[in-house]
Amino acid sequence: IKGGSTYIKIKNIGVRRTAACNDSDYNGSCFDAGVCSYVLFEDCWASGYTYYPIGCGAYGGASHHIIFRRCVVRADYSNKTVSNAGFMAYGNIDGVSCHDVLFQNCIAIDFNAGLGDNFRSGFYNDKTFPGIYYRGCIALNIPYSGFNSTPYDTATREFNNCVAWGCTGAGIRGGQNGQRP
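Residues numbered from 1 in each chain as written. Predicted model: local features only at pLDDT ≥ 70, side-chain atom pairs only at ≥ 80, totals over all residues. Heavy atoms only, no water.

S.K.: Outline unusual backbone geometry, listing residues and values.
M.R.: Of note, Asn12 is a non-glycine position whose phi angle comes to about 55 degrees, a positive value. Among the secondary structure elements, Asn12 is positioned in the loop between β1 (6-11) and β2 (14-17). You can call Asn12 exposed: its relative accessible area is 58%. The backbone phi angle of Asp43 is positive, close to 55 degrees, even though this residue is not glycine. Topologically, Asp43 is positioned in the loop between β4 (37-42) and β5 (45-49). (Helix = DSSP H or I, 4+ residues; strand = E, 2+ residues; numbered from the N terminus. Buried < 20%, exposed > 50% of the residue type's maximum accessible area, 1.4 Å probe, protein only.)

S.K.: Just give me the short version of the environment of Glu42, but keep the residues and values in it.
M.R.: Looking at the element boundaries, Glu42 is found in strand β4. Between the C-alpha atoms of Glu42 and Cys106, which are 64 residues apart in sequence, the distance is 9.6 Å. The contact partners of Glu42, leaving out residues within four places of it in the chain, are Ile10, Lys11, Asn12, Arg69, Arg70 and Cys71. Among the polar contacts listed, one links the side chain of Glu42 to the side chain of Lys11, at a separation of 3.3 Å. (Contact = heavy atoms within 4.5 Å. Polar contact = N/O pair within 3.5 Å; in protein donor to acceptor, adjacent residues only side chain to side chain.)

S.K.: Can you lay out the pairing of β4 for me, pointing to particular residues and giving the numbers?
M.R.: Buried residues dominate β4, accounting for 5 of its 6 residues. Bridge count for β1 against β4 is 5 bridges, and the pairing is parallel. Across the sheet, residue Lys9 finds its bridge partner in β4, namely Leu40. (Pairing = 2+ DSSP bridges.)

Written out as structure tokens, the structure reads:
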């Protein structure tokens, strides 16, 4: 869903993506609430050949009041050289951003660190935005960090009852010059 959609519920849906996506293809998501508001994703799963399987972004406008509840991601492969992650909230450095996003009881599990992969984490936040909340989320067997924020990001972030286990990087990674996310 993209382009100004509001008040949407997506429930009990699974997507296995088999089509390849390259660095110029930003449509490698299974579920994406780009420039949307008041959207609920509940009991959904995504797997396969993906870029950001589940997320929301600010592609020319803000995405806000997005809830991801009881969603599961298993990223099998991506040939992109830019960062990839299971769950993503994407903003930009110009101030247009995602805000008020809740990841609730979501699981990123068993990512395949195959040739060509550049997975950054189970959960990834890019650029600047306020109000991203993680409640009861799990990152399990991820070939980088469990939760990752980029150096641009100093906005509000809450982690409540979350677990990163079997990740090759930090459990929670982020901040700039020693700052914490």
